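Notes for the structure review
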Amino acid sequence: MKKLLLVVVGLGCLAVLAQEVRFAPNVQPAPVQMTVESNTLVRLDRDMTIRITCRKDADAAAEWAEAHLAQWFKATKRNWFSGVNVPRVRTSERADVAVAGGDEAYELMVTPMGVEIRANALAGVRYALYSLRQTTLAMPRTGRTVEYYVMPAMVVKDAPALAFRGIHIPWSLDDSPTEIEKRIRLAAYLKYNYAVVEPWGAFRSARHPWWGWKEGTMTPAAVKHLVKVGKDVGITLCPQIPAFGHASMGITSPGKHAVLDAHPEYQPLFESLNGWNWCLSNPEALKVQFEIIDEMIELFDHPPYFHVGCDEAAKPNCPVCLASDYRKLVIQHILALHAGLKDRGLKMMLWHDMFLKEGDARWKGFYANGTEETVKAFETFPRDMVICDWFYGKTPKDGKYPSLEHFKEMGFEVVTCPWYEKDGTASQGKRARELGLLGILSTTWGQGTGKEKGRYVANMFVPAACAGWGSPYLSSNLWKWNYDLDFIRNLRQVEWDMKLEDFEDTGTYQDQVPVKAK
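A short tour of the structure in this document, coming up.

A few words now on the packing of aromatic side chains. Summed over all chains, the structure comprises 31 aromatic pairs. Aromatic pair Phe 164 and Tyr 194: ring centres 4.6 Å apart, planes at 5°, arrangement stacked. Here Phe 164 is found in strand S8 (residues 164-171), whereas its partner Tyr 194 is found in strand S9 (residues 194-199), with 30 residues between them in sequence. Of the two residues examined, Phe 164 and Tyr 194, each falls in the buried class. Taking the centre distance of 5.1 Å and the plane angle of 40° together, the rings of Trp 390 and Tyr 392 count as tilted. The rings of Phe 366, Tyr 367, Trp 390, Phe 391, Tyr 392, Tyr 401, Trp 419, Tyr 420 and Tyr 456 are connected pair by pair, giving a single aromatic cluster. Positioned over the ring face of Tyr 148 is Arg 43, at 3.5 Å from the centre of the ring. One residue, Lys 191, lies across the ring of Trp 469, its end atom 5.8 Å from the ring centre.

The next point concerns the nonpolar core. Counting residues in hydrophobic clusters, the biggest one holds 158 residues, and the most contacted among them are Trp 211 and Phe 461. Take this core: its biggest share by element is 10 residues, from helix H11 (residues 452-469). Each residue touching Trp 211, except ones within four places of it in the same chain, is listed here: Pro 199, Phe 203, Ile 241, Pro 242, Met 249, Val 259, Trp 278, Ile 292 and Met 296. One finds Phe 23, Leu 41, Met 139 and Tyr 148 within the second-largest nonpolar core, a separate group that totals five residues.

All right, on to the pairing of S8 then. Each regular strand shows side chains that alternate between the opposite faces of the sheet. The buried fraction of S8 is high, at eight of eight residues. Taking every second residue as pointing to the same face, both faces of S8 are buried, with Phe 164, Gly 166, His 168 and Pro 170 on one and Arg 165, Ile 167, Ile 169 and Trp 171 on the other. When S8 meets strand S15 (residues 439-443), the two strands line up parallel, connected through five bridges. The residue bridging Ile 167 from the neighbouring strand is Ser 442, located in S15. Judged from the six bridges that link them, S8 and S9 form a sheet pairing that is parallel. Looking at S9, one finds that Pro 170 is bridged to Glu 198. Viewed along the sheet, the connection from S8 through helix H3 (residues 177-189) into S9 turns out right-handed.

This part takes up the pattern of salt bridges. Enumeration according to the criterion identifies 26 salt bridges in this entry. Of the charged contacts in the structure, one is a salt bridge between Asp 103 and Lys 56, with a shortest N-O distance of 3.1 Å. One end of the pair, Asp 103, is in the loop between strand S3 (88-93) and strand S4 (106-111); the other, Lys 56, is in the loop between strand S2 (49-54) and helix H1 (58-73), and 47 residues separate them in sequence. Taking the shortest distance from any N to any O, the salt bridge between Arg 133 and Asp 497 comes out at 3.0 Å. Taken together, the positions of Arg 133 in helix H2 (residues 122-134) and Asp 497 in helix H12 (residues 485-498) put the pair 364 residues apart, joining distant regions of the chain. Residues joined by salt bridges that share partners form a network here, namely Asp 175, Glu 179, Lys 182, Arg 183 and Glu 495.

What follows concerns a positive patch on the surface. Together, Arg 46, Arg 51, Arg 88 and Arg 90 give the surface a local cluster of positive charge. With respect to the helices and strands, Arg 51 occurs in strand S2.

Reported here for the largest pocket is a volume of approximately 1400 Å³. Looking at the largest pocket, it is lined by 48 residues, and the ones nearest its centre are Ser 172, Asp 174, Asp 175, Arg 183 and Gly 446. Those elements that provide at least two residues to the lining of the largest pocket are H3 and H11. A per-class count over the lining of the largest pocket returns 20 nonpolar, 16 polar and 12 charged. Space inside the second largest pocket adds up to approximately 540 Å³. Forming the walls of the second largest pocket are 22 residues, and the residues nearest its centre are Ile 488, Arg 492, Gly 507, Thr 508 and Tyr 509. Of all the secondary-structure elements, those providing two or more residues to the lining of the second largest pocket are H11 and H12. Looking at the lining of the second largest pocket, the element that brings in the most residues is H12, giving six residues. Taken together, the residues of the lining of the second largest pocket break down into 10 nonpolar, six polar and six charged.

Rules and cut-offs
- Residue indices follow the written sequence of each chain, beginning from 1 at its first position.
- It should be noted that, the model being predicted, local features are given only for residues of pLDDT at least 70 and side-chain atom pairs only at 80 or more, the latter also being counted only at that level, while totals for whole chains, interfaces and linings use all residues.
- Values reported for side chains reflect all heavy atoms of the structure, with hydrogen atoms and water molecules removed beforehand.
- Pairs were defined over the aromatic rings of Phe, Tyr and Trp, the Trp ring being its six-membered one, requiring ring centres within 6.5 Å. Orientation was assigned from the angle between planes: stacked under 30 degrees, edge-to-face over 60, tilted for the rest.
- In this text, helices come from DSSP runs of H or I with a minimum length of four residues, and strands from runs of E with a minimum of two, each type numbered from the N-terminal end.
- Accessibility here uses a 1.4 Å probe with only protein chains present; expressed as a share of the type maximum, an area under 20% marks a residue as buried, one over 50% as exposed, and anything in between as partly exposed.
- A positively charged side chain is recorded as over a ring if its NZ (Lys) or CZ (Arg) lies within 6 Å of the ring centre. The angle to the ring normal must also be within 35 degrees.
- Each nonpolar core is a collection of buried residues, namely Ala, Val, Leu, Ile, Met, Phe, Trp, Tyr and Cys, held together in the definition by side-chain atoms within 4.5 Å.
- Should any heavy atoms of two residues lie within 4.5 Å, those residues are counted as being in contact.
- At least two bridges found by DSSP between two strands are what make those strands a pair.
- If the strands point away from the viewer and the path from the first strand over the helix to the second runs clockwise, then the crossover is right-handed.
- The salt bridge criterion pairs a side-chain nitrogen of Lys or Arg with a carboxyl oxygen of Asp or Glu, the two atoms within 4 Å.
- Residues enter a patch when their relative accessible area is above 30% and they make no salt bridge; the linking distance is 9 Å between like charges and 5 Å between nonpolar side chains (Val, Leu, Ile, Met, Phe, Trp, Tyr).
- Accessibility throughout is a Shrake-Rupley quantity obtained with a 1.4 Å probe, and a residue counts as covered only by protein chains that appear here.
- Charged-residue counts in this description rest on Lys and Arg as positive and Asp and Glu as negative, His and the chain ends being excluded.
- Here the site of a charge means NZ on Lys, CZ on Arg, CG on Asp, or CD on Glu.
- Note on definitions: the grid is 1 Å and covers protein atoms alone; a cavity is a set of points where a 1.4 Å probe fits but cannot get out; a pocket is an open set with protein on both sides within 12 Å along at least five of seven lines; lining residues have an atom within 4 Å of a point.
- Grid points are joined across faces, edges and corners, and a volume is the space filled by probe spheres set on the points.
- All amino acids are sorted into three groups, where Ala, Val, Leu, Ile, Met, Phe, Trp, Tyr, Cys and Pro are nonpolar, Asp, Glu, Lys and Arg are charged, and the leftover types, Gly among them, are polar.

Here it is in structure tokens:
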């Protein structure tokens, strides 16, 4: 059980600042242990040394720390000299260093004498510095511009509770590459380690330009840039395509199809009535999917996972599919995707719902969209697939999720996938830890209108990050409006890193005075 410890200690002797202060920042996600001396502020400037000890990656850690400290605190200057007023970095590599919790674990000690970080690898150092940045306060509080930063004396010990901590990012035509980069950087700052990027008709395929809208903003150049950003900030980007249902690359209500609206010549690749499913009886459908998959694998620099969707498929309506053994077609299609990805060195992820029979009493209250055919097909699948079990509601009364247990007992790796319901997210994360699941994949579908959207965005990003580290979601809310101010701070720091200045690129929505939803 993780705990957040806040210890207020009155030390009059070596206080860095003469005045009595109380500054106890909230780190997201909350660490395993965080002991804060909230009235002892430590000055973070060029006279301060950050000493980093690693079991490995010491040189890389030094390079990363120096570059990002300069980026984060470059505006700070002393009055009597010009230049960057940031701490010095000293690193050492020692094989005997062992921080409990693996390569992402860290220990952070801040005293008036200096800052010390202990970690097993670069990933832990990166997370330690993210925590450090979240605790800083711009000084002086009597001037107009920043001269230096302070942070409270503290001891932090932290390690993740789940190995896979992912964020699912749908990329639609409404999203610019700048917006997607902001979400990726924000997720990394909240200590997610994977982002699954799903184009909703936005991918500008070089091999198949017809696969998506011509106005698509997900260009090959944009993807390569984002993969590079992800490597720098510590999050691995993995692609997704809808390989069964959702072949329109959207939802049904707008009546749009990212392929068929502009390219009726490709009708044979999709189910005959509405194009919602790929046509599994047409062998060209699988060929096209792998041509797109190969293109994405290269653009995403050969990630460890590839998500093939496969959710919410409709019953077949193509005359050839109807005349076939559809169960066999489903098996052949998904097994071919699995085998092809495995041959390419990637592990396949897919949504769960088509593999639970609709109407089965065991899944009452949960998402089950499968048929006899799809459920029987699923029973034959290799167990090295990752099942992404999505549930978007409130916590069940008994706190249990039978589908998670079902897939776990069948021998699959499983990630639980919440949405914006923050209490439900915490409960799903708790159950994932109890069952020893692979992890959590927070979905970020659009939700809310006007000012409510800001609240939903925080709920989609922060609670799942906390669940992945085994900590409670602790927020600083503005009285009456219930907005998470710590989340807004973290978002703004990411925007500073990107040098965003335009109104439309900052914040969580673009209406300065939102129209109240009717």
